[in-house]
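Listed below, chain by chain, are the residues.
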Amino acid sequence: MPPTRPKSSKWKTELINSVAEELAASIVRLRDAGVESAQLEAQLLLAHGLQCSRLDIITHPERLLSAEELSSFRDMIDRRAQRCPFAYIIGHRKFFGLQLIVTPAVLIPRPETEILVEEVLRRIPDHAIMADVGTGSGAIAVAVAVSVPKSEICAIDLSEEALSVACANAVKHGVANRVNTLQGDLLEGLFPGQIRFDVIVSNPPYIPTRDIDTLEIEVRSEPLQALDGGEDGLDIYRKLFVQALNLTDLIIVEMGTGQSMAIARIANEAGWGAIELIRDLAGIERVLVARP
Ligand code: GLN
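Every value quoted in this text rests on a predicted model; they were computed, and no experiment measured them.

**Student:** Where do I start with the overall build of the chain in this structure?
**Tutor:** Counting its secondary structure elements, the chain contains twelve helices and eleven strands. When its C-alpha atoms are laid out on the principal axes, the chain stretches across 75 × 40 × 30 Å. Of all 292 residues assigned to the chain, the portion counted as buried reaches 49%. At a minimum sequence separation of 6, the contacts of the chain that also span at least 24 residues come to 65%. For the chain, the exposed area adds up to about 14000 Å²; of that, 52% sits on carbon and sulfur atoms. One finds the centroid of the 29 positive side-chain charges in the chain at a distance of 6 Å from the centroid of its 40 negative side-chain charges.

Here's what the structure looks like:
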């Protein structure tokens, strides 16, 4: 942390509120806006702005902020008070131990999806060739590429903006040479004989359209394309299981609460016979593993 007290009058004019004063006002602001962990988030946003740790913030309440620091912190608090997701404001989110870049062009990686990654890692060979359908930030693709150093990943998304985030994450974690981004609609354009995958994975949009309006404000500011799974939330699974059958002998997908039976049926009808359901930490059947 820089010095806490102005040394000359020149500083005095530039240094305005203290950390304590500014935090107190921001916490009230966030609380009034309905942000649950207002204190924690205000501390973390200030730490982000000052490029220090939350502990530094807590232990130096008397530290004065420059006009510039103040204005950038207040901008962040304004955005958060408008319920912009925290991860979009700071620009990253931890996933599977990796700090991933996130922008409003991608869904913010969720902890449940780490379970999908674990199930993938448990089942693939060292030289696995994997497709990640609807890669978004590239969370699954990059986590697998980092964990399996000889794997090759095809990270597919319809959104070019999402693919550039996925690509940036692959570069950031040193796996860009093994994560190939591909713009496309699910597995369209990939043909048997041309390529065969050891596994196809996906965390597709699975929220029923009518439920979108009931989601938290923060979630509603994530890309609709990554959330809306059509009338019953299952549109993508219907296409994906059919397309994937010709390209792999193993598919692993994430699902929403209460969808496992319907999705297992869809997989079954598409020709997938051996189906396993894996629960998340809340006991919800979250991941489906299928083989023909
Ligand atoms: N898990 C996300 C949520 O419930 C939804 C992501 C998705 O549709 N795949 O907010």
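**Student:** Mind showing me how you'd approach the site of the ligand here?
**Tutor:** Inspection of the region around the ligand gives Leu107, Arg110, Asn203, Pro204, Pro205, Tyr206, Ile207, Val219, Ala226 and Leu227 as its neighbouring residues. Within the side chain of Asn203, one N or O atom sits 2.8 Å away from a nitrogen atom of the ligand. The contact in question runs from a nitrogen atom of the ligand to an N or O atom on the backbone of Pro204, over 2.6 Å. Alone, the ligand offers 300 Å² of accessible surface; in the complex the protein occludes 87% of this. Along the lines of polarity and charge, the residues of the shell around the ligand split into eight nonpolar, one polar and one charged.

**Student:** Can you help me understand the nonpolar core in this one?
**Tutor:** One broad trend across soluble globular proteins is that nonpolar side chains are buried collectively. Counting 34 residues, the largest nonpolar core has Leu187, Ile200, Phe241 and Ile251 as its most contacted members. Taken together, the elements giving at least two residues each to this core come down to strand S5 (129-133), strand S6 (152-157), helix H11 (235-244), strand S9 (251-254), helix H12 (260-270) and strand S11 (285-291). Every residue in contact with Phe241, bar those within four places of it in the chain, is listed here: Ile251, Val253, Ile263, Ile266, Ala267, Ala270, Trp272 and Leu288.

**Student:** What is the right way to look at the side chain of Glu254 in this model?
**Tutor:** For Glu254, the location among the structural elements is in strand S9. Side-chain polar atoms of Glu254 contact the side chain of Thr113, separated by 2.6 Å. Looking at Glu254, its side chain comes within polar contact range of the side chain of Tyr206, at 2.8 Å. If sequence neighbours within four positions are ignored, Glu254 has contacts with Glu112, Thr113, Leu116, Ser202, Asn203, Pro204, Tyr206, Tyr237 and Arg286.

**Student:** Looking at this model, I keep getting lost on the environment of Gln243. Mind explaining?
**Tutor:** Assignment of secondary structure puts Gln243 in helix H11. If sequence neighbours within four positions are ignored, Gln243 has contacts with Leu186, Leu187 and Glu188.

**Student:** What is the right way to look at the pairing of strand S7 (residues 179-183) in this model?
**Tutor:** In regular strands, side chains alternate between the two faces of the sheet. Judged from the five bridges that link them, S6 and S7 form a sheet pairing that is parallel. Of the residues in S7, the one forming a bridge with Cys154 is Asn180. For the handedness criterion, the β-α-β arrangement of S6, helix H9 (residues 160-172) and S7 is classed as right-handed.

**Student:** For this particular structure, what's the right way to read the packing of helix H3 (residues 38-50) against helix H5 (residues 67-81)?
**Tutor:** The description of two packed helices rests on the angle between their axes and on the distance between the axes. Interhelical geometry of H3 versus H5 gives an angle of 140° and a closest axis separation of 10 Å. Between H3 and H5, the angle falls in the class oblique. For the crossing formed where H3 meets H5, the hand is right-handed. Here H3 contributes Glu41, Ala42, Leu45, Leu46, His48, Gly49 and Leu50 to the contact with H5, which in turn contributes Glu69, Phe73, Met76, Ile77 and Arg80.

**Student:** How should I be thinking about the packing of aromatic side chains in this particular structure?
**Tutor:** The description of an aromatic ring pair uses the distance of the two centres, along with the angle that the planes make with each other. Under the defined criterion, the tally for this structure stands at two aromatic pairs. Taken together, a centroid distance of 6.4 Å and an interplanar angle of 40° make the contact between Phe95 and Phe96 tilted. Arranged with centres 6.4 Å apart and planes meeting at 25°, the rings of Tyr237 and Phe241 form a pair that is stacked. A residue pair is termed a helical-turn pair when its members lie 3 or 4 positions apart in one helix, as Tyr237 and Phe241 do in helix H11 at four residues. With a relative accessible area of 0%, Tyr237 lands in the buried category. We classify Phe241 as buried; its relative accessible area is 0%.

**Student:** I tried to follow the environment of Glu161 on my own but got confused; where do I start?
**Tutor:** With respect to the secondary-structure elements, Glu161 resides in helix H9. Glu161 sits 55 residues away from Val106 along the chain, and the two C-alpha atoms are 8.1 Å apart.

**Student:** I'm lost on unusual backbone geometry in this one. Help?
**Tutor:** In this structure, Gln51 takes a positive phi of about 50° despite not being glycine. Overall, the relative accessible area of 75% leaves Gln51 in the exposed class. Its identity is not glycine, yet Leu186 carries a phi of approximately 50°, on the positive side. Secondary-structure assignment places Leu186 in the loop between S7 and strand S8 (199-202).

Thresholds applied
- Residues numbered from 1 in each chain as written.
- Predicted model: local features only at pLDDT ≥ 70, side-chain atom pairs only at ≥ 80, totals over all residues.
- Heavy atoms only, no water.
- Helix = DSSP H or I, 4+ residues; strand = E, 2+ residues; numbered from the N terminus.
- Buried < 20%, exposed > 50% of the residue type's maximum accessible area, 1.4 Å probe, protein only.
- Contact = heavy atoms within 4.5 Å.
- Areas by Shrake-Rupley, 256 points an atom, 1.4 Å probe, with all protein chains shown as cover.
- Lys, Arg positive; Asp, Glu negative; His and termini not counted.
- Charge placed at Lys NZ, Arg CZ, Asp CG, Glu CD.
- Near = heavy atom within 4 Å.
- Polar contact = N/O pair within 3.5 Å; in protein donor to acceptor, adjacent residues only side chain to side chain.
- Nonpolar A, V, L, I, M, F, W, Y, C, P; charged D, E, K, R; others polar.
- Core = buried A, V, L, I, M, F, W, Y, C linked by side-chain atoms within 4.5 Å.
- Pairing = 2+ DSSP bridges.
- Right-handed = clockwise from strand over helix to strand, strands pointing away.
- Axes fitted to C-alpha atoms, helices over the stretch in contact; angles between N-to-C directions.
- Parallel < 35°, antiparallel > 145°, perpendicular 65-115°, else oblique.
- Left-handed = near helix turned anticlockwise from the far one by under 90°.
- Phe/Tyr/Trp six-rings, centres within 6.5 Å; stacked < 30°, edge-to-face > 60°.

Everything listed here is a matter of coordinates, which is why it stays silent on function.
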